[in-house]
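Listed below are the residues making up each chain.
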Amino acid sequence: MNIVKKKAFKLVGKVVNAVTNAATAQDMGSKKNNGYQPDEKIVSLCRQIGAEGIVMLKNNDVLPLDKERTVSVFGRVQRDFFYVGYGSGGDVNAPYKISLIDGLRANKNITVNENLAAVYENWCKENPVDDGFWGHWPMCYEEMPVSNALAAEAAQESDTAIVVIGRAAGEDRENKLEKGSYYLTDEEHAMLDAVTLSFKKVILLLNCGSIMDMCAINAYGDRISAILYVWQSGMESGNSIADVLSGDVSPSGKLTDTIATSYKRYPGCNDFGDKKFNCYTEDIYVGYRYFETFKKHRVLYPFGFGLSYTQFAFENVDFKAADGKITVAADIKNVGEYSGKEVAQVYFEAPCGRLGKPARSLVAFTKTGLLAPDESERVELCFNIADMASYDDVTEFAYILEKGEYKVYLGADVRSAECRGIYVQEADEITLQLSQTAAPVVPFDRMKATPDGITYETVTLADYDLKQIILDNIPDVTPRYTEPCTLADVKNGKITMAQFVSTLSADELEALSRGDYTMNSPLGAKGNAAVYGGVLESMRKKGIPPVTTTDGPSGIRLTSCASLMPIGTEIACSWNTALAKELYAEVGKEMKILGSDVLLAPGINIHRNPLCGRNFEYYSEDPYLTGKMAAAVVSGMQSSGVSACPKHFACNNQETNRIYNDSRVSERALREIYLKGFEICVKEAKPLNIMTSYNKINGVWGHYHYELCTRILRGEWGYEGCIMTDWWMRSSKSPEFPAMCDQAYRVRAGVNVLMPGGGRVSNKKPDGTLLKTLGQYNGITMGELQRNAAQILGFVMQSSAMKGDYLK
């Protein structure tokens, strides 16, 4: 049979019995969404990307399900599904949520063992889940005990079992090396033992926010017939999973992280979770860059891996290097029996050289359209030769192409990709000259590849006069413009932004540099994260509107209902940037309807360690995939006239003591791994806002980091938008200018807005630190305050808040 895409649908009518208990948008949302219904298109796109993000790791011909086959579903999360991670990024008031069991029931090609489903329904009602409280959410839910007798009884009614195991993800806490978090619980083992004893066909679904230990699962061997990471797919979760299991959609998701044989095999596992600091000793060898270079045999499932119901061949491959670019083209042919999609992935292997290089680095990818059996699609993947350069943070402080052979690989994952061509670099070449910045200030040893294997070297420490660099770039003051004017006059070209800003008082400049003090500001939609811009009446009279921000990325966090998106990891596992862009264009439209001007999304930190509690919001261990997916999401959202706000800039790679922890990282790893996704996103999608991180980066908090925010983000990448803090910040004096602290320190660093504007317990008054040193030696200057205001208002003027009377 051919796999075809099925359009998203909504059932109409009340649930009348267990057999027809299919959760739908109109049914489940009607009681709590105050009349709001998500648009049919966003529902369809959520369902589609949820299905495309599912990663099938194993399939011994048990999938897709036969239409006449009855399935017995084990595991309480069939009903109590984890739809999204806990915390600000997932706390969306969804209009409905489709559970696994309801999604299976709603699919006409799947028949559920209702007797077993009734057992679970009754048990779940008698044993309701406890979702805990902020930062203390459950890692998993208590599982219903499954006896051999229960499994055997279910096997009398069906020959196929689905076992679903759930894991929560959450902000402000980590996953743990414990049963019920990274490892299976005793009850889950017992459930698998009982089910695999009675059923010869067992499908395991992993409802997780991030990868978990697979060693114990793999120990079951062929007693488990199929394994799929179904992730957390938001409001359409059950429908997306049913589409894949039934064969309505062939799985096409690919891993965005390497699954190792055990946690201890991950690089940097011993340098994660410390409350004070973490030295990034693995350096650039994160994820597959480490495994493919040094420890191939420690991998269970390689980066980029994922099975389909069909098979694909890469045929008629062409390789060309010309005009500073490399192009790899191929016909991708469906040589199997089902329709499906394939992801073409291009990697390069650079010569080890004096810098040391990973054996593989992703440099391009694309996803085909839906291909029927025997159908082909010609794909062409192109990248700059300079994209293969490495950053020398020892002597040159530049990106360099070292001489030697650069092998280019094409395939369906990092391990199976084959060499398709070789580019020869005749001599060392500097492709981009930069200067040392944001470098470590504390020595530690980092990993380095050599032709003979692994070695370690001490990182290069910062050696420059940051104080003088800052002083050399203090802006001049703009003389006061005396004519009456509004921000609309700037927008209409009647006056310059500098002229308008010069009319603002010191108090107004201060107010622009912060939000309206609290979350859920009365100036914005109910339930907002904060409001900034026109937070004073005098500013609103000058035509500066208040700008409303809302938490994301899995939807719009407000009191009103909003569509609940799949988690970031699942979106990235689709490897479908076009689909992600289309989905978030619809999110942008929904923002306009609900009153959100800025969505605090996407989250684009790197999956440095599988235990990071917030990995579910982020995309991948790979910076290129992260950057391309983020650029798609930002482009889509902002195409609807609203603003994205990528976060957290930068190195927010753990939640433990995140507001004080110091990420100590070499300049090379910082540039090649942890900043690269932001760089791609900024240059390709031009986000209008960016959020800094809570943590320190080489000794400096993100919200005070002149080198990251001014030298790199604005100076090197040409960023022109607004930079805001994460919510609240740490008090500190400037090391370079000790008389300055807090808000003056922040504004001088180039971080425009303190959000939400005050402390956690706010008296709704400025803290006084911004203007305290105004006019003093080495204190904050009027030129800096004006520059800060101009950067903020540059966004406000083009925001979706600039409408109605503000345009007059």
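Scroll up for the structure.
So, here's what we can say about the structure. The structure displayed is predicted, hence computed values, not measured ones.

## Notes on the overall build of the protein chain
Here is step 1: Secondary structure summary: the protein chain contains 22 helices and 30 strands in total.
Here is step 2: Projected onto the principal axes, the alpha-carbon positions of the protein chain cover approximately 85 × 65 × 45 Å.
Here is step 3: A total of 808 residues make up the protein chain; the buried ones form 64% of that total.
Here is step 4: The contacts of the protein chain with a sequence gap of at least 6 include a subset with a gap of at least 24, amounting to 78%.
Here is step 5: Of the roughly 28400 Å² that the protein chain leaves accessible, carbon and sulfur atoms contribute 49%.

## Points about the sheet that holds strand β26 (residues 662-664)
Here is step 1: Spatially, the four strands line up as an open sheet ordered β8-β26-β28-β29, and their pairing is mixed. Among the strands making up the open sheet, the edge pair consists of β8 (277-279) and β29 (700-701).
Here is step 2: As judged from the two bridges shared by β26 and strand β28 (residues 696-697), these two strands associate in the parallel manner. Bridged to Asp662 within β28 is Lys696.

## Points about the nonpolar core
Here is step 1: In this structure, Phe74 and Tyr229 are the most contacted members of the largest nonpolar core, which totals 205 residues.
Here is step 2: Looking at this core, the element that brings in the most residues is helix α17 (residues 623-638), giving nine residues.
Here is step 3: Beyond its immediate chain neighbours, meaning those up to four positions away, Phe74 contacts Leu116, Tyr120, Val146, Ala151, Ala154, Ala161, Ile162, Val163, Val164, Met191, Val195 and Phe199.
Here is step 4: Ranked by size, the runner-up nonpolar core spans 50 residues in total, among them Leu504, Tyr532, Val547 and Ile780.

## Concerning the sheet that holds strand β13 (residues 361-367)
Here is step 1: Read across the sheet, four strands follow the order β13-β12-β17-β18 without closing on themselves; strand pairing throughout is antiparallel. A strand with exactly one partner marks an edge of an open sheet, and here the two such strands are β13 and β18 (418-425). Looking at each pair of strands side by side, their axes are set apart by 20° on average, direction ignored.
Here is step 2: Note: strand β17 (residues 404-411) against β18, seven bridges, orientation antiparallel. Residue pairing across strands places Gly404 opposite Gln425, the latter belonging to β18.

## Description of the environment of Gly534
Here is step 1: Among the structural elements, Gly534 can be located in the loop between β22 (530-533) and α14 (537-541).
Here is step 2: Overall, Gly534 belongs to the buried group, its relative accessible area being 0%.
Here is step 3: The sequence separation of Gly534 and Ala511 amounts to 23 residues, and the corresponding C-alpha distance is 8.2 Å.
Here is step 4: Look past the residues within four positions of Gly534 in its chain and what remains in contact with it is Leu523, Met539, Arg540, Ile544, Pro545 and Pro546.

## Considering the side chain of Glu784
Here is step 1: By secondary structure assignment, the location of Glu784 is in helix α22 (residues 782-798).
Here is step 2: Looking at Glu784, its side chain comes within polar contact range of the main-chain nitrogen of Thr781, at 3.0 Å.
Here is step 3: Ignoring anything within four residues of it in the chain, the contact list for Glu784 reads Ile474, Pro475, Val747, Arg748 and Gly779.

## Re the side chain of Asn609
Here is step 1: With respect to the element layout, Asn609 can be found in the loop between β24 (598-600) and α17.
Here is step 2: On the basis of relative accessible area, Asn609 is assigned to the buried category, the value being 1%.

## Topic: the packing of aromatic side chains
Here is step 1: Applying the stated criterion across every chain, the model contains 29 aromatic pairs.
Here is step 2: Taking 5.2 Å as the distance between ring centres and 75° as the angle between the ring planes, the aromatic pair formed by Tyr290 and Phe291 counts as edge-to-face.
Here is step 3: The class for Phe291 is buried, based on a relative accessible area of 0%.
Here is step 4: Summarising the aromatic geometry, the rings of Phe365 and Tyr624 are spaced 6.0 Å apart at their centres and angled 90° between planes, so their arrangement reads as edge-to-face. Within this pair, whereas Phe365 is found in strand β13, its partner Tyr624 is found in helix α17, the two being separated by 259 residues in sequence.

Calculation notes
- Residues numbered from 1 in each chain as written.
- Predicted model: local features only at pLDDT ≥ 70, side-chain atom pairs only at ≥ 80, totals over all residues.
- Heavy atoms only, no water.
- Helix = DSSP H or I, 4+ residues; strand = E, 2+ residues; numbered from the N terminus.
- Buried < 20%, exposed > 50% of the residue type's maximum accessible area, 1.4 Å probe, protein only.
- Contact = heavy atoms within 4.5 Å.
- Areas by Shrake-Rupley, 256 points an atom, 1.4 Å probe, with all protein chains shown as cover.
- Pairing = 2+ DSSP bridges.
- Core = buried A, V, L, I, M, F, W, Y, C linked by side-chain atoms within 4.5 Å.
- Axes fitted to C-alpha atoms, helices over the stretch in contact; angles between N-to-C directions.
- Polar contact = N/O pair within 3.5 Å; in protein donor to acceptor, adjacent residues only side chain to side chain.
- Phe/Tyr/Trp six-rings, centres within 6.5 Å; stacked < 30°, edge-to-face > 60°.

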